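Here is what each chain is made of, one letter per residue.
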Amino acid sequence: MRYRALFFCICVFFLVPLQRKQHNYKILNYMRHISPSLLAADFGNLQRECEMINNSSAEYLHIDVMDGVFVPNISFGFPVMKAVSKHCNKPLDVHLMITHPEKYVERFCDAGAWSVGFHIEAVDDPMPAIELIRNKGVRTCLTINPKTDIHALDPYLGEVDMVLLMSVEAGYGGQSFIEESIDRLRYLRKAIDQRGLSTLIEVDGGINTKNAPLVWEAGADILVAGSAVFQAKDPIATINLLKGNN
Ligand code: DX5
Ligand code: ZN
């Protein structure tokens, strides 16, 4: 009996503080921020959708721009983005799915972007577009599609503020999460941490309340969620659930 009590005390004094320390480490390093994707919003009620985001715990609003060339779909451009920036008081996280991003990145910065990201598949050399965004004082982001070799990002991990890992093929909302993205995410997390970089990792596509815990655990800082948020009965509660808050 006495030994059992002793064992209990050892657990309380050594294991509990150890666990708490690990927990703090995760929260400090990986932010668990949510960026709902406007692509899944009701375009007939954009002002109302923006107000919902303003009243939620989401940290950003994700803006998916598609040109019908880089991806088969066309979404929206500058006029919609400007209108949204008038009503939304959260930072706008812009994801460009366009060819020749270097021609347009500055205009997206001027239209009120908090960050501007473009695809590594859309350019021969990402540095010129990265420098244009950086010179505007806006956060830089490099995006990678699921089929592109993840090592293509290696030379740029220290050049950008954020990488956007696609967990569906870019082009459409409402697709299913590609499971192999978890290994790619773990690779990025390790590469960034081992080099002591502060580059954020955002994951985009097919995120929902079921798979979010696994994606956080694999090392994501920011999760994009379109359908899961805007098609939910209670989008505000869903954003909290995605973060792991009940
Ligand atoms: C896909 C877009 C995603 C998409 C996310 O090309 O980049 O941001 O809208 O939508 P869900 O969460 O529905 O996959
Ligand atoms: Zn996106």
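Refer to the structure printed above.
Residues numbered from 1 in each chain as written. Chains lettered and ligands numbered in written order. Predicted model: local features only at pLDDT ≥ 70, side-chain atom pairs only at ≥ 80, totals over all residues. Heavy atoms only, no water.

Time to look at the pairing of strand β1 (residues 33-36). Side chains of β1 alternate between two faces, with His33 and Ser35 and Ile34 and Pro36 buried alike. Where β1 meets strand β8 (residues 222-225), four bridges bridge the pair, whose relative direction is parallel. By the bridge assignment for β8, His33 is matched with Ile222. (Buried < 20%, exposed > 50% of the residue type's maximum accessible area, 1.4 Å probe, protein only. Helix = DSSP H or I, 4+ residues; strand = E, 2+ residues; numbered from the N terminus. Pairing = 2+ DSSP bridges.)

Below, the discussion takes up the coordination of the zinc ion (ligand 2). Bound to the zinc ion (ligand 2) on the protein side are His62 (NE2), Asp64 (OD), His95 (ND1) and Asp204 (OD), at distances that span 2.1 to 2.3 Å. What the six donor atoms of the zinc ion (ligand 2) show is an angle range of 69 to 172° at the metal, which sorts the shape as octahedral. (Donors = N, O, S within 2.8 Å, 3.2 Å for Na, K, Ca; no water. Tetrahedral: all angles 85-135°; square planar, octahedral: opposite > 155°, others 65-115°.)

Looking now at the site of ligand 1. By nearness alone, 20 residues border ligand 1, and Asp64, Gly171, Asp204, Gly226 and Ser227 come closest of all. Here an oxygen atom of ligand 1 sits 2.8 Å away from a polar atom, N or O, in the main chain of Gly174. In this structure, Gly206 approaches ligand 1 through a main-chain N or O atom, which is 2.8 Å from an oxygen atom. Isolated, ligand 1 exposes 380 Å² of accessible area, and the fraction of that covered by the protein chains is 99%. At the level of elements, β2 (61-66), β3 (92-97) and β8 are the ones that each hand at least two residues to the shell around ligand 1. With three residues, β2 is the single largest residue contributor to the shell around ligand 1. Grouping the amino acids of the shell around ligand 1 by side-chain chemistry returns eight nonpolar, 10 polar and two charged. (Near = heavy atom within 4 Å. Polar contact = N/O pair within 3.5 Å; in protein donor to acceptor, adjacent residues only side chain to side chain. Areas by Shrake-Rupley, 256 points an atom, 1.4 Å probe, with all protein chains shown as cover. Nonpolar A, V, L, I, M, F, W, Y, C, P; charged D, E, K, R; others polar.)

Another aspect to go through is the sheet that holds β3. Strand order across the open sheet formed by eight strands is β1-β8-β7-β6-β5-β4-β3-β2, with parallel pairing between neighbours. Two strands in the sheet have a free side with no partner beyond their single neighbour: β1 and β2. Taking the axes of each pair of neighbouring strands and ignoring which way they run, one obtains an average angle of 25° across the sheet. Relative to strand β5 (residues 139-144), strand β4 (residues 113-119) runs parallel, the two sharing five bridges. Residue pairing across strands places Gly117 opposite Cys141, the latter belonging to β5. Relative to the sheet, helix α3 (residues 78-87) contacts β2, β3 and β4, its axis offset from that of β3 by approximately 165°. (Axes fitted to C-alpha atoms, helices over the stretch in contact; angles between N-to-C directions. Contact = heavy atoms within 4.5 Å.)

A word on helix α6 (residues 181-194). For α6, which comprises 14 residues, the first-to-last C-alpha distance of 20 Å matches the rise-based estimate of 20 Å (1.5 Å per residue) to within 8%. Burial in α6 covers these residues: Ser181, Ile182, Arg184, Leu185, Leu188, Arg189, Ala191 and Ile192. Considering only its buried residues, α6 is in contact with β5, β6 (162-166), β7 (200-204) and α7 (212-217). A positive backbone phi angle near 65° is found at Gly196, which sits one or two residues after α6. (Expected span 1.5 Å × (residues − 1).)

As a packed pair, helix α2 (residues 46-54) and α3 sit with axes 9 Å apart at the nearest point and diverge in direction by 45°. As the angle between them shows, α2 and α3 are arranged oblique. Crossing of α2 against α3: the hand is right-handed. When α2 is examined against α3, the residues Leu46, Gln47, Cys50 and Asn54 are found in contact with a partner set consisting of Val80, Val84 and His87. (Parallel < 35°, antiparallel > 145°, perpendicular 65-115°, else oblique. Left-handed = near helix turned anticlockwise from the far one by under 90°.)

Functional significance is not addressed by these values, which are geometric in nature.
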